[in-house]
Amino acid sequence: MEINLRQMDLSKKVESKKDYKNFLKKFQYRLLSLQQLLFQEKIGLVIVMEGMDAAGKGGAIKRMTEKLDPRGLQVYPISAPQPHEKRYHYLQRFWRKLPQYGQIAIFDRSWYGRVIVERIEGFATKNEWGRAYQEINDFEKLLTEDDYLTIKFWVHISNDEQLARFEARKNDPLKQWKLTDEDWRNREKWELYEEAAEDMLRLTDTVDAPWHVIEGNDKKYARLAILQTLVNHIENQLTARGIPLPDYQLFEK
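Reference entry: report on the structure contained in this document. Just so we're clear, the structure is a prediction, and the values are computed from it rather than from any experiment.

## Regarding the sheet that holds strand β5 (residues 211–215)
Strand pairing in a sheet relies on backbone hydrogen bonds, with the paired strands running either antiparallel or parallel. Strands sit in the order β2-β3-β1-β4-β5 across an open sheet of five strands; the sheet is parallel. The open sheet terminates on both sides in strands that have one partner only, identified here as β2 (73–77) and β5. Neighbour to neighbour, the strand axes of the sheet diverge by 20° on average, direction disregarded. Note that strand β1 (residues 44–51) and strand β4 (residues 148–156) share eight bridges and pair parallel. Paired with Glu-50 across the bridge in β4 is Trp-154. The sheet contacts of helix α2 (residues 57–65) involve β1, β2, β3 (104–108) and β4, and relative to β1 the element is tilted by about 155°. Sitting on the sheet, helix α8 (residues 190–204) touches β4 and β5, and the angle it makes with β4 is about 155°.

## A look at the packing of helix α1 (residues 17–41) against helix α9 (residues 219–240)
At their nearest, the axes of α1 and α9 sit 10 Å apart, and the two run at 30° to each other. As summarised for this structure, α1 and α9 are arranged roughly parallel, according to the angle between their axes. Here the hand of the crossing between α1 and α9 comes out left-handed. Judged by residue contacts, Tyr-20, Phe-23, Leu-24, Phe-27, Gln-28, Arg-30, Leu-31, Leu-34, Leu-37 and Leu-38 of α1 engage Lys-220, Arg-223, Leu-224, Leu-227, Gln-228, Leu-230, Val-231, Ile-234, Glu-235 and Leu-238 from α9. Among the residues making up the contact of α1 with α9, the classes are represented as 14 nonpolar, two polar and four charged.

## A short note on the environment of Asn-217
Inspection of the secondary structure puts Asn-217 in the loop between β5 and α9. The exposure class assigned to Asn-217 is partly exposed, which follows from its relative accessible area of 22%. If we skip the residues at most four places from it in the chain, Asn-217 touches Leu-10, His-156, Ile-157, Ser-158, Glu-161 and Arg-165. Separated by 3.0 Å, the side chain of Asn-217 and the backbone nitrogen of Ser-158 make a polar contact.

## Regarding α8
The first and last C-alpha atoms of α8 sit 21 Å apart over 15 residues, in line with the 21 Å expected at 1.5 Å per residue. If you check which residues of α8 are buried, you get Trp-190, Tyr-193, Glu-194, Ala-196, Ala-197, Glu-198, Asp-199, Met-200, Leu-201 and Thr-204. Where α8 is buried, its residues meet α4 (117–121), α5 (126–144), β4, α6 (159–170), α7 (181–186) and β5.

## Some words on the pattern of salt bridges
All chains considered together, the criterion is met by 19 salt bridges. Its salt-bridge partner being Arg-114, residue Glu-118 comes within 2.9 Å of it at the nearest N-O pair. The class of Glu-118 is buried, set by a relative accessible area of 14%. Of the residues examined, Arg-114 reaches a relative accessible area of 12% and is grouped as buried. Linking Lys-141 and Glu-145 is a salt bridge whose minimum nitrogen-to-oxygen distance equals 3.9 Å. Take Lys-141: its relative accessible area is 46%, and that puts it in the partly exposed class. Residue classification places Glu-145 among the exposed residues on the basis of a relative accessible area of 60%. Bridged by salt links that share partners, the residues Arg-119, Glu-195, Asp-199 and Arg-202 form one connected network.

Reading the values: the criteria
- Residues numbered from 1 in each chain as written.
- Predicted model: local features only at pLDDT ≥ 70, side-chain atom pairs only at ≥ 80, totals over all residues.
- Heavy atoms only, no water.
- Pairing = 2+ DSSP bridges.
- Helix = DSSP H or I, 4+ residues; strand = E, 2+ residues; numbered from the N terminus.
- Axes fitted to C-alpha atoms, helices over the stretch in contact; angles between N-to-C directions.
- Contact = heavy atoms within 4.5 Å.
- Parallel < 35°, antiparallel > 145°, perpendicular 65-115°, else oblique.
- Left-handed = near helix turned anticlockwise from the far one by under 90°.
- Nonpolar A, V, L, I, M, F, W, Y, C, P; charged D, E, K, R; others polar.
- Buried < 20%, exposed > 50% of the residue type's maximum accessible area, 1.4 Å probe, protein only.
- Polar contact = N/O pair within 3.5 Å; in protein donor to acceptor, adjacent residues only side chain to side chain.
- Expected span 1.5 Å × (residues − 1).
- Salt bridge = Lys/Arg side-chain N within 4 Å of Asp/Glu carboxyl O.

So, in C-alpha cells, the structure goes:
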C-alpha cells in the first residue's frame, strides 16, 4: 500500500449523532452475528490496531467489542517486552496470544512494534527491523493459510489533533493515566513515526492480511469506518470459503 500520511484528508466526520448511533448499532449486531458464525465454523480472527498515540484505538476497540460474547474474545494491550520475553525471538510472545479456532483476538499494538517503535528508538538494529517485514509477512501468511482471518488498522490523526487530545487527557483525572512522559517525548519524532508507518504499510499490506488506513481526527467517523471495514472483510473472506453469511434481519429488527 503506497500512501502519504501527510496528504490524508483528516476532515472526514460524522455530522449526525442519530446517524452515528444507528450505524453503530447496525454494525455491532452484524459483528455479533459474524462472531457466532466464526465460532460455529472454528475460524479464528486476528485484529491488529496500530496508530499514533491518542489516535482513538481504545475507543474503537470498546465499540467493536461491547456487543460481542466475551467468552470468545480477548484484547491484548501490547507494551514493551518483559526481560524474560527478550530471551526469545520477538514473535514468540505473539504466537502465545493467538486465539483458539473460532475465537477473536484484538491486539492493541502488535508485532509491528518491531518496525515502528523499535526501529525509531534503536531497540532493534537496522538489520533486525529491516528483515522483520518479510518475517511478519511470513507469520501472517501462516495464519491466513490456516483457519484464521487477519485484518490490520492504522488509525491516523494530525499532529495538532494529537496535541489537543494530550492536553485534554492532562486535565482529565479519569484519563491522566493514559498520558506519559514518553508520549510527550514521542511527539518530537512525529515525522520519523510517519516515515516508519508508511514503510510498514507499503511492505506488509497483503491480500489476505490487508492494512486499512482510517482517518481518525473525528472519533465517531473512525469508529464507524473500522466497524464497517471489519464486517466487510469478514464477510468477503467467509464468502470466498463458500460459507453462507448470517441472516442479519434476525439481529436488526
